[in-house]
Amino acid sequence: MGLPGEDRLADGTGIRPPVKGQWAFGLALGGLLLLAFAVRLALAGYSLWFDDYASLIFADQPQSRLWSLWMAREANPPLFYSLLRIWRGLGADGIVTLRLLPIAAGTLHVAVVAWICQRWHSRTAALVAALLLALSMQHVLVTHMVRGYTFAMLGSSVALAGLLLWWDGGRGRLPGMGLFVLGSLLAFYTHTTLILWLGIGPAALVLCHWRAFFRDGVRMVAGMRTRGALWRDLAAMVAVSCLGASWWIWVLLHRPAEAAENTSWIVHFNFVQTVFKFLQNGQLLGFVSAAEFPLMVAGTAFIIAMAGFGRHVPLVRLCCVIVALCPLAWWGASVFQPVVTQRTVQWPMSMLAIIMACGIAELRLVLVRRAVVAVTAAVLVLNLASHRQDFVIEDWDTALTRAAARPSSALLVQHEAMLVVAREACALRFKGPCPFALVPLRSGLPSDYWSLGLAGTALLDDAAARRRLGGFAHVYAVRHGGYDPLLTLDHPGRMPRITWNKPFLEGPFSGASFGKAPRANTR
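Cut-offs applied
Residues numbered from 1 in each chain as written. Predicted model: local features only at pLDDT ≥ 70, side-chain atom pairs only at ≥ 80, totals over all residues. Heavy atoms only, no water. Helix = DSSP H or I, 4+ residues; strand = E, 2+ residues; numbered from the N terminus. Rg over C-alpha atoms; globule rule 2.2 N^0.38 Å. Buried < 20%, exposed > 50% of the residue type's maximum accessible area, 1.4 Å probe, protein only. Contact = heavy atoms within 4.5 Å. Areas by Shrake-Rupley, 256 points an atom, 1.4 Å probe, with all protein chains shown as cover. Lys, Arg positive; Asp, Glu negative; His and termini not counted. Charge placed at Lys NZ, Arg CZ, Asp CG, Glu CD. Expected span 1.5 Å × (residues − 1). pLDDT = per-residue confidence, 0-100.

Colleague: Could you clarify how one ought to interpret the overall build of the protein chain in this entry?
Modeller: Assigned secondary structure in the protein chain consists of 21 helices and four strands. Here the C-alpha atoms of the protein chain give a radius of gyration of 25 Å, agreeing with the 24 Å that 2.2 N^0.38 yields for 523 residues. Over its C-alpha atoms, taken along the principal directions, the protein chain stretches across nearly 80 × 50 × 45 Å. Within the protein chain, the proportion of its 523 residues that are buried is 56%. Relative to all contacts within the protein chain whose residues are 6 or more apart in sequence, the contacts with residues 24 or more apart total 79%. Total accessible area on the protein chain stands at roughly 21600 Å², and carbon and sulfur atoms take up 67% of it. Of the charged side chains in the protein chain, 45 are positive and 27 negative, and the gap between their average positions amounts to 6 Å.

This is the structure:
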């Protein structure tokens, strides 16, 4: 790796002619992208969970239904479900093949971030960014989710590239505006919370270049552009993006009041809690226990240190402002609707990777730089390896396999959402209906409105469920969040809950053990 910035033009535009070593750089970057893809593919064989199966259920719907007011039942736009439907039509019928779609998008995301670093900093920064993201546990987890999160992260990175191209001006002005709009719409139409990007990205650019936006006569990159021209372009990009987003906003305005229960589980965080959630789930490292708090602090300190080394680099300053604005935007949005979850705070990891990569590339001593890269990569690998078992959120595969292995078995589920998810899991696992009985228990919880009417089967009350279960030799039960059928039936064999969804599978129990309720059910 050469000295930082050695492959940049003196005018700072980042537009470089071909130089010696371009082939070596291309091979190195290609190798890192292959590493990113291979790591994700090698670790992708574990069970899907509730949210993943919910995506498959939406992907089962016709495109005409996905792009209609029928989707008012769901909190997220239909673009990812449409892509997933197409992907399944091409033959994706297994856990790994289904995950190939977000894995491919995640690998493309690594390439986009590397390109941003190469164009606006150096090839060194591009390679470091690709390595960091390739080995990041959080990035692996996001790309394994059969959800729209990876595409939202990809879209925000494309929009960032467009914003930078537009700022450079010249021939990149119009392509940059187009990329910003397309990236923003990709992000928004795969996750609703990315509507905030339309405020965060442009606001960060204005704050970084406030003299250009609020004072005339300031020298612009690639020519002179007046303050009015800058504001007109920026307003046009945001306005066109908002116009493109207006269809889904219109759908959300028609959302029934009951559909708000889809997100009723999201906790409202104050600003300090929002920042902590971001530090916990938005970094490249993955943290799953309180014992890892020192590692989280160390990771945060490292990011701040790298931001300090790269503080004179415009790209780093812009990414720092974006990262600073994100918690403010999430906290502000949560006044109207809580939006802070483990997944919604992860898309800015693109900016964190850029900050760290550029900061490392700014280190003058080659040996020091290589040592920092080696140590950082080792920490990421150890973090990934030590939490391999934590990838499994809900082990539906084991639950279905055990229930299918015993004759006269039943699987007890609660709520219509769990029933349709169990059917979808069987269809994926057994390529057909479940080879055992599904006993659906009614729930008093008003959650998961999206599943309303999809089961086509009446749910059973407590008494009816007990009578039905009594006819089976072996009964298993699965829990998810507030859906805990053994608790509802007050079964004596119920195991204490460790976390919100563990233990996931309970049983087997004899059907006779579900006799009369020992006490009145007050739930």
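Colleague: I would appreciate a short explanation of helix H6 (residues 123-135) in the present structure.
Modeller: Each α-helix winds once per 3.6 residues, and so residues spaced three or four apart point in a common direction. Here H6 is 13 residues long and its end C-alpha atoms lie 19 Å apart, about the 18 Å a rise of 1.5 Å per residue gives. Counting buried positions along H6 yields 13 of 13 residues, so the element is predominantly enclosed.

Colleague: It is not clear to me how the confidence of the model for the protein chain should be interpreted in this structure. Could you clarify?
Modeller: Detailed reading of predicted coordinates is not advised where the pLDDT is low. Looking at the protein chain as a whole, its pLDDT mean stands at 90, while 92% of the residues score no less than 70. Note on residues 1-15: pLDDT is under 50 here. Beyond four places in sequence and across chains, it has 34 contacts.

Colleague: Where do I start with the environment of Ala417 in this structure?
Modeller: Checked against the element boundaries, Ala417 lands in helix H19 (residues 416-430). Given a relative accessible area of 0%, Ala417 falls into the buried group. Expressed as a C-alpha distance, the spacing of Ala417 and Met177, which sit 240 residues apart in the sequence, is 41 Å. Beyond its immediate chain neighbours, meaning those up to four positions away, Ala417 contacts Phe50, Asp448, Trp450 and Ser451.

Colleague: Could you clarify how one ought to interpret the side chain of Thr192 in this entry?
Modeller: As for its placement among the helices and strands, Thr192 is situated in the loop between helix H9 (173-188) and helix H10 (197-208). You can call Thr192 buried: its relative accessible area is 16%. Ignoring any residue separated from it by four or fewer positions in sequence, one finds Thr192 in contact with Ala75, Asn76, Pro77, Trp248 and Leu252.

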